[in-house]
Amino acid sequence: IEQFTQEIRASAALNERIDTLVGVFYSWDEVGTRTPGDATQLFATQVLITADQTTRSAATFANADVALDDDWVLTLGARFTWEDKEFSGGTTDLN
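Each value, and the rule that gives it
Residues numbered from 1 in each chain as written. Predicted model: local features only at pLDDT ≥ 70, side-chain atom pairs only at ≥ 80, totals over all residues. Heavy atoms only, no water. Helix = DSSP H or I, 4+ residues; strand = E, 2+ residues; numbered from the N terminus. Rg over C-alpha atoms; globule rule 2.2 N^0.38 Å. Buried < 20%, exposed > 50% of the residue type's maximum accessible area, 1.4 Å probe, protein only. Contact = heavy atoms within 4.5 Å. Areas by Shrake-Rupley, 256 points an atom, 1.4 Å probe, with all protein chains shown as cover. Lys, Arg positive; Asp, Glu negative; His and termini not counted. Charge placed at Lys NZ, Arg CZ, Asp CG, Glu CD. Pairing = 2+ DSSP bridges. Axes fitted to C-alpha atoms, helices over the stretch in contact; angles between N-to-C directions.

Enquirer: Account for the overall build of the protein chain, naming residues and giving values.
Expert: Broken down by element type, the protein chain carries one helix and four strands. In terms of C-alpha radius of gyration, the protein chain reaches 24 Å, well past the compact-globule figure of 12 Å for 95 residues. Taking all 95 residues of the protein chain together, the buried fraction comes to 15%. Intrachain contacts of the protein chain at a sequence separation of at least 6 include 54% that bridge at least 24 residues. Of the accessible surface of the protein chain, which amounts to about 7,400 Å², a share of 54% is contributed by carbon and sulfur atoms. Within the protein chain, the 16 negative side-chain charges are centred at a point lying 3 Å from the centre of the 6 positive side-chain charges.

So, in structure tokens, the structure goes:
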């Protein structure tokens, strides 16, 4: 497994009542497997099971805390996420 993840955030108080946070996120990972298999009892053969998967994900997000009074805070937020996955794999007869 190989992977990389990074998130960057920035926050600011707009005034006495409103605090904000904005950020971006990125993630990448790659997984590869090679597994030998024994199918001799069912098919009289040996097999190799392979799988490779790559995932990329990115997001932007923002939220704001608005103090309505001394006891109540309204929290507003939004997030947009994009993700892409690629997969290839299968079983190969080794005989």
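The discussion continues.
Enquirer: Explain the sheet that holds strand β2 (residues 18-38) to me, using residue names and the numbers behind them.
Expert: Taken together, four strands build an open sheet; the order of strands is β1-β2-β3-β4 and the sheet is antiparallel. The sheet is open, and its two borders are formed by β1 (2-13) and β4 (73-93), each paired with just one other strand. With direction set aside, neighbouring strand axes in the sheet form an average angle of 5 degrees. Where strand β3 (residues 46-67) meets β4, 21 bridges bridge the pair, whose relative direction is antiparallel. Bridge pairing links valine 47 to aspartate 93 in β4.

Enquirer: So, unusual backbone geometry: which residues are in play, and what are the values?
Expert: At alanine 44, a residue that is not glycine, the phi angle is positive and equals roughly 60 degrees. Tracing the backbone shows alanine 44 in the loop between α1 (40-43) and β3. Take alanine 44: its relative accessible area is 57%, and that puts it in the exposed class.

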